[in-house]
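# Reading the structure
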Amino acid sequence: MNDILHRITAPVVSVAIVSNAVGTLVIFLLVGIMNVDIIARGVFHAPLRGVVEIVIFSLILIVFLQLPDVVRSNRLTRSDGFLVFAETRHPNFAHYASRVIDLASGIFMGLIAWTVFPEFVESIETCHFITPPEFGAPPTGEFFTDLAAAFARCEYFGTPGIFTAPWWPAKLAIFFSVTLCCIIFLLKALTGKRKPVLVDESESPV
Amino acid sequence: MSPVEIGALSVVAIVAMVYMGVYIPVALGMVSFVSIWIISGKSILAFNFLKIAASDGVTEYPFATIPLFTVMGLLVSRAGLGTDIYAVMNRAFKALTGGIGMATVGANAVFAAVTGSSIASASVFTRIAVPEMRKLNYNKRFAVGVVAGSSVLGMIIPPSAMLIIYSFVSEQSVGEMFLAGIVPGLLLTAAYIAWIYISGKLRPAYLGTNIDHGADEPLSLFEILDKTVPTVALILIVLGGIYTGWLTPVEAGAAGALAAFLIAVMRRKMTWRSLWETAIETGHITASILFLITMASLYSRMLGYAGLPNQLNEVLQTYNLGFVEVMIIYVVLMLFLGTLLDTASIILIVVPLFITLVEGMGMSLVWFGIVTVIGAEIGLLTPPLGISCFVIKSSLNDPDISLKDVFFGAFPFAVIMLLVLILIIAFPVLSTGILN
């Protein structure tokens, strides 16, 4: 049993780390784009279009791509006082309490994944990537023309004529993230690896 | 059970679960989900609330201030600006008894204007100021107390993560909250410095015995400029940009982040590796704060659905509770929660409960935000879980100073905070005056 769990853990951990790295790149992108906009607006009087939409989109990516790694590295906000205290007196109790908490958190993340999955499916179905669209031009048979047409059909956010982006990648990021968080929590609950630790100065964000 | 009773019970359940060590966003989300289900009697409503919170929770433009100001704060710490400000301040206060303590407070206040976190301030200044004070024969409790007390300035003087979080829950403008934090932050700085000065005159033993003033090493004009110009420039870009209306708070954060990056590069404090670590750290902080905010929005919707804030308002009227009583209840509640919870969680839990009430009394929500942030921050200094004190203990690495010493040392500063808080409650103009 333990062997199987370990075999599952390794790839899950690497997916969380890779997704974290992608989210990190988005942060650099965000700082860069905003500064280009400030300079373009302040110096050349030509603000970039759609910066607000880009910012919102990148926020979704940053938060949800990095959340699994936050869970993995035990940095999700919590107050450890009671568990640390219990650890010194009743180590067994503290150990099982923290596993139960991880189990409950995993179930909660699973619930979120379950409610957002239909959202993702709906948003990607509006593009009609595979099925023919109900109205508008029929597929031409040319792959890239059809793909571009499909993207143009997608349910979008933003303001038409200024900046629009399809919703589904954001919805996918959310679904992917909460599913991964759910798996990581469940693995923590099953393996019981986590020991409660007090705030380490590099750890607590607030 | 009536919806209001379920709502009230769920607040108690959340606090109890958080005390037990359940992840705060999970406690907020799970309890709210179950409460909505019970109140409505239908699962569909609970799932819909959860779906909206998860998928639309972070789609707000001002939320971008969180990653941007976090990047800026982390880069500024890496660039060593804290050490520089401290050296200059130390020079200025050197002649006075307790001067090094005042310098620590002053340097923290300036450093706070370029970072948004008390944790950053506490760990930076523990490493620089505490060993220095110990060397000059200062009392160990005083030394750690000064660092702990002044670290809270990081979250009151803008830019501040806590002011940003409050502005989200209360739907106030981030820019206005930042400006409102300036005077209370300076007031607290002045109160700390006055306390050290008066203690030095009346009760020098509290500071230490046989205090040495240290060697006289004058700084040249060039050194002073080299150590102050980058910080002053950053403050001008960020606060100046927001105050003049030239930059939105989000843009100010981005500009500040770029400027801090350039400063770090020019100081040769930046490698590819440390840049990457800074970004990862930023991502972790952003993800955990915004996920917390997302779940807190579910909680505040649940409270509204249960009708709890309105009910609280009615209770207030039946018992004829006035402004003073309400504020006493509010501050005591925050102090109680502050014993175990971190500042962000306190703000997210109490503000949705009280905001309707405060608005109904005709009070300014900007003022209420400053009161909330300072009140919640007192908890950083109080046992059993004053986070600032833990940070100091863990970055100190000195077996001679126990956690108890840190708490004892921080206590007078927590009392001063409470006094300043009372002053700010009594005179709202201290926080709102700058906006007019």
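Per chain, residues are indexed from 1 in the order of the written sequence. All chains are assigned letters beginning with A, and all ligands numbers beginning with 1, in the order in which they are written. For this predicted model, a pLDDT threshold of at least 70 governs which residues receive local features, and a threshold of 80 or more governs which side-chain atom pairs are given and counted, while totals over whole chains, interfaces and linings are taken from all residues. The basis for the side-chain values is all heavy atoms of the structure; hydrogens and waters are excluded.

### Some thoughts on the overall build of chain B
Definition in use: Each helix is a run of H or I in the DSSP string that is no shorter than four residues. Each strand is a run of E no shorter than two, and both are numbered from the N terminus. Note on method: radius of gyration uses C-alpha positions; expected globular size equals 2.2 Å times residues raised to 0.38. Buried means the residue's accessible area, taken with a 1.4 Å probe over protein chains only, is under 20% of the maximum for its type, while exposed means over 50%, and partly exposed covers the values in between. Note on contacts: a residue pair qualifies if any of its non-hydrogen atoms lie within 4.5 Å across the two residues. Working definition of accessibility: Shrake-Rupley area with a 1.4 Å probe, residue cover restricted to the visible protein chains. We score Asp and Glu as negative and Lys and Arg as positive, and we do not count His or the chain ends. Where a charge lies is defined by one atom per residue type, namely NZ (Lys), CZ (Arg), CG (Asp) and CD (Glu).
Summing up its helical and strand segments, chain B has 22 helices and 0 strands in all. Relative to its length of 436 residues, chain B is compact, with a C-alpha radius of gyration of 22 Å against a globular reference of 22 Å. Counting only C-alpha atoms and orienting by the principal axes, one finds that chain B spans roughly 75 × 50 × 45 Å. Each of the 436 residues in chain B was classed as buried or not, and the buried ones make up 60%. When contacts within chain B are restricted to residue pairs at least 6 apart in sequence, those whose partners lie at least 24 apart make up 78%. In the structure as shown, chain B presents an accessible area of about 16100 Å², 66% of it carried by carbon and sulfur atoms. For chain B, the centre of its 20 positive side-chain charges and the centre of its 23 negative side-chain charges are spaced 10 Å apart.

### A closer look at the packing of helix α4 (residues 65-78) of chain B against helix α14 (residues 249-266) of chain B
Residue and element names in this part refer to chain B. Selection rule: Every angle, taken between N-to-C directions, lies between 0 and 180 degrees, and every axis is a line fitted to C-alpha atoms, over only the stretch in contact when it is a helix. Between 65 and 115 degrees an angle is taken as roughly perpendicular, under 35 as roughly parallel, over 145 as roughly antiparallel, and anywhere else as oblique. What makes a crossing left-handed is the near helix being turned counterclockwise from the far one by less than a right angle; a clockwise turn instead makes it right-handed.
Running from N to C, α4 and α14 cross one another at 25 degrees; their axes reach a closest spacing of 8 Å. The angle between the axes of α4 and α14 places the two elements in the roughly parallel class. By crossing handedness, the relation of α4 to α14 is classed as left-handed. Contact residues: Thr 65, Leu 68, Phe 69, Val 71, Met 72, Leu 75 and Val 76 in α4; Pro 249, Val 250, Ala 252, Gly 253, Ala 254, Gly 256, Ala 257, Ala 260, Phe 261 and Ala 264 in α14.

### Points about the packing of helix α2 (residues 51-72) of chain A against helix α15 (residues 272-306) of chain B
Heads up, the rule is: Each residue receives one of three labels: charged for Asp, Glu, Lys and Arg, nonpolar for Ala, Val, Leu, Ile, Met, Phe, Trp, Tyr, Cys and Pro, and polar for the others, Gly being one of them.
At their nearest, the axes of α2 of chain A and α15 of chain B sit 8 Å apart, and the two run at 100 degrees to each other. With respect to their mutual orientation, α2 of chain A and α15 of chain B come out roughly perpendicular. Every residue of α15 of chain B that contacts α2 of chain A at Leu 59, Ile 62, Val 63, Gln 66, Leu 67, Asp 69 and Val 70 of chain A is listed here: Gly 283, His 284, Thr 286, Ala 287, Ser 288, Leu 290 and Phe 291 of chain B. Grouping the amino acids of the contact of α2 of chain A with α15 of chain B by side-chain chemistry returns 8 nonpolar, 5 polar and 1 charged.

### Thoughts on the confidence of the model for chain B
Residue and element names in this part refer to chain B. Which entries qualify depends on this criterion: Looking at any residue, its pLDDT shows the predictor's confidence there, from 0 to 100.
Confidence along chain B averages 87 in pLDDT terms, with 99% of residues attaining 70 or more. Within chain B, no element has a lower average pLDDT than helix α20 (residues 387-396), which sits at 78, and none a higher one than helix α19 (residues 365-378), at 93. Predicted as a complex, the structure gets a pTM of 0.86 and an ipTM equal to 0.85.

### Quick word on the side chain of Ser 32 of chain B
By the element assignment, Ser 32 of chain B lies in helix α2 (residues 24-40). Excluding its chain neighbours within four sequence positions, the residues that come into contact with Ser 32 of chain B are Leu 298, Tyr 299 and Met 302 of chain B.

### Examining the side chain of Ser 160 of chain B
All names here are of chain B. Put simply, the rule is: Polar contacts here mean pairs of N or O atoms no more than 3.5 Å apart (in protein, one a potential hydrogen donor and the other a potential acceptor; neighbouring residues in sequence count only if both atoms are side-chain atoms).
Turning to its location among the elements, Ser 160 is positioned in the loop between α9 (153-156) and α10 (161-170). A distance of 2.6 Å separates a polar side-chain atom of Ser 160 from the backbone oxygen of Met 155. The residues contacting Ser 160, other than those within four sequence positions of it, are Gly 116, Gly 154, Met 155 and Phe 178.

### Examining the state of the cysteines
All names here are of chain A. Using the following cut-off: The disulfide criterion used throughout: a pair of cysteine sulfur atoms within 2.5 Å.
Applying the stated criterion to the full structure yields 0 disulfides over all chains. Cys 182 takes part in no disulfide bond, and the closest cysteine sulfur, belonging to Cys 181, lies 8.7 Å away. Look at Cys 182 and you get buried, because its relative accessible area is 14%.

### Notes on the interface of chain B and chain A
For the record, the criterion: Accessible area that two parts lose when put together, evaluated with a 1.4 Å probe and summed over both, is termed the buried area. Note on definitions: salt bridges are taken to be side-chain nitrogens of Lys or Arg within 4 Å of carboxyl oxygens of Asp or Glu.
Counting residues at the interface gives 68 residues for chain B and 59 residues for chain A. Where chain B abuts chain A, roughly 5600 Å² becomes buried across the two surfaces, and 76% of that area is made up of carbon and sulfur atoms. Contact with chain A buries surface across chain B, with Tyr 23, His 284 and Phe 291 of chain B losing the most and accounting together for 14% of the total. The tally of links from chain B across to chain A stands at 2 salt bridges. Taking the shortest distance from any N to any O, the salt bridge between Arg 41 of chain A and Glu 251 of chain B comes out at 3.0 Å.

### Description of a nonpolar patch on the surface
Residues and elements named next belong to chain A. Put simply, the rule reads: Only residues whose relative accessible area exceeds 30% and that form no salt bridge are eligible for patches; like-charged ones are grouped when within 9 Å, while nonpolar side chains (Val, Leu, Ile, Met, Phe, Trp, Tyr) are grouped when within 5 Å.
A surface patch of nonpolar side chains, about 430 Å² in accessible area, is lined by Phe 143, Phe 144, Leu 147 and Phe 151. Within the secondary structure, Phe 151 is located in helix α5 (residues 143-153). Looking at Phe 151, the relative accessible area reads 37%, which means it is partly exposed.

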